[in-house]
Amino acid sequence: SSSSRHPNQVTPKKSGLKNGQMKSKDDECFGDDIDEIPDTDFDFEGNLALFDKAAVFEEIETYERRSGTRSRGTPNEKPARYRHDENILESETIVYRRIVVPQNANKEFCTDSGLVVPSVSYELHKKLLSVAEKHGLTLERRLEMTGVCASQMALSLLGGPNRLNPKNVHQRPTVALLCGPHVKGAQGISCGRHLSNHDVHVILFLPNFVKMLESITNELNLFSKTQGQQVSSVKDLPDTPVDLVINCLDCHENAFLRDQPWYKAVVDWANQNRAPVLSIDPPINEMEQGIDAKWSLALGLPLPLGERAGRVYLCDIGIPQKVFQEVGINYHSPFGCKFVIPLHST
């Protein structure tokens, strides 16, 4: 009530024991006389000479030998050097085996998460596709899945969203698609259609044959509705380097194609172009591969591919788990949330 009657009245500052205690503490901390500070400098060299460093480290090493412990930073310990791709933390890779094949795998691969993916023979892989087709996974379905997965991988290799976006129309990538007159070639044509739909300049090479497979004819009919370009002569392929070469020339069974003049001419063009090569479902025998690949895409389960296949990737072509079991493969999907995953040689 008094404050309301006298709003402008200043309350006097209280001075008591509490303020006196604070003042005494300030004096203890800051109240020393500066004249009492010694004028002599500290003798660093003299005190350092009193420290016997060798004797101290010898005592530390003696204690470590007796106790079995090891400290860091001792003079005799050489610092470990690591490359940029090495892990400083020493830990063993966790290995999971959730895929078991009936025969001993000639080669095993491993995913980024440590899951072992064994290779299968061509005969077993062929049987797997045959059983899947019997249950409704037709060739047309496989071609479409392979084309989608291969085009997704190719788009990523071409730069992904950094290069392929609607605002960037000046850096349209060019892909040379080399296809043979077989199912592998039909897979490549399917891939080329999807790439062309994503604004990639696709040049499709396919030799002229009097009679084509029905799958190739159907894929060519769809490809002709895109902006892609189809050629049948090596002379019509670009003289300048392209961004990517997709190789679908080689086949698992028709090895006689390698003796054809058009095959040798296309192989020479690809080797001289010096563009990176992606092979789709390459054959096992490296002697049947005329073009060395930087990447290879395997379908379903990998074949025991050699070094000429480059880095191996695996794509999911939609084979159900019970189809694997029917051919004697204990299978659990290694793909997780992806349809294309990288594999590492073990």
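A quick note: this is a predicted structure, and the numbers were derived from the prediction, not measured. (Residues numbered from 1 in each chain as written. Predicted model: local features only at pLDDT ≥ 70, side-chain atom pairs only at ≥ 80, totals over all residues. Heavy atoms only, no water.)

Enquirer: Explanation requested: the sheet that holds strand 1 (residues 108–110) in the structure shown.
Expert: Sheet strands pair by backbone hydrogen bonding; their relative direction is either parallel or antiparallel. Reading across the sheet, the three strands line up as 2-1-11 and stay open at both edges, with antiparallel pairing between neighbours. Each end of this open sheet is capped by a strand with a single partner; those strands are strand 2 (116–118) and strand 11 (344–345). Pairing of strand 1 with strand 11 involves two bridges; the strand directions are antiparallel. Directly across from Phe109, in strand 11, lies its bridge partner Ser345. (Pairing = 2+ DSSP bridges. Helix = DSSP H or I, 4+ residues; strand = E, 2+ residues; numbered from the N terminus.)

Enquirer: It is not clear to me how the layout of surface pockets should be interpreted in this structure. Could you clarify?
Expert: Gaps left between atoms are located by rolling a probe of water-molecule size over the structure's atoms. Approximately 430 Å³ is the volume found for the largest pocket. Elements supplying a minimum of two residues to the lining of the largest pocket: helix 5 (122–134), helix 6 (139–157) and helix 7 (183–197). Among the residues forming the lining of the largest pocket, the class breakdown is eight nonpolar, seven polar and six charged. Taken as a whole, the second largest pocket holds about 180 Å³ of empty space. As for the second largest pocket, its lining consists of Gln152, Met153, Ser156, Leu157, Tyr313, Lys338, Phe339, Val340, Ile341 and Pro342. Going through the elements one at a time, helix 6 and strand 10 (340–342) are the ones with two or more residues in the lining of the second largest pocket. With four residues, the top contributor of residues to the lining of the second largest pocket is helix 6. Tallied by class, residues from the lining of the second largest pocket come to seven nonpolar, two polar and one charged. (1 Å grid on protein atoms, 1.4 Å probe; cavity = no way out; pocket = protein on both sides within 12 Å on 5 of 7 lines; lining within 4 Å. Points joined across faces, edges and corners; volume = space filled by probe spheres on them. Nonpolar A, V, L, I, M, F, W, Y, C, P; charged D, E, K, R; others polar.)

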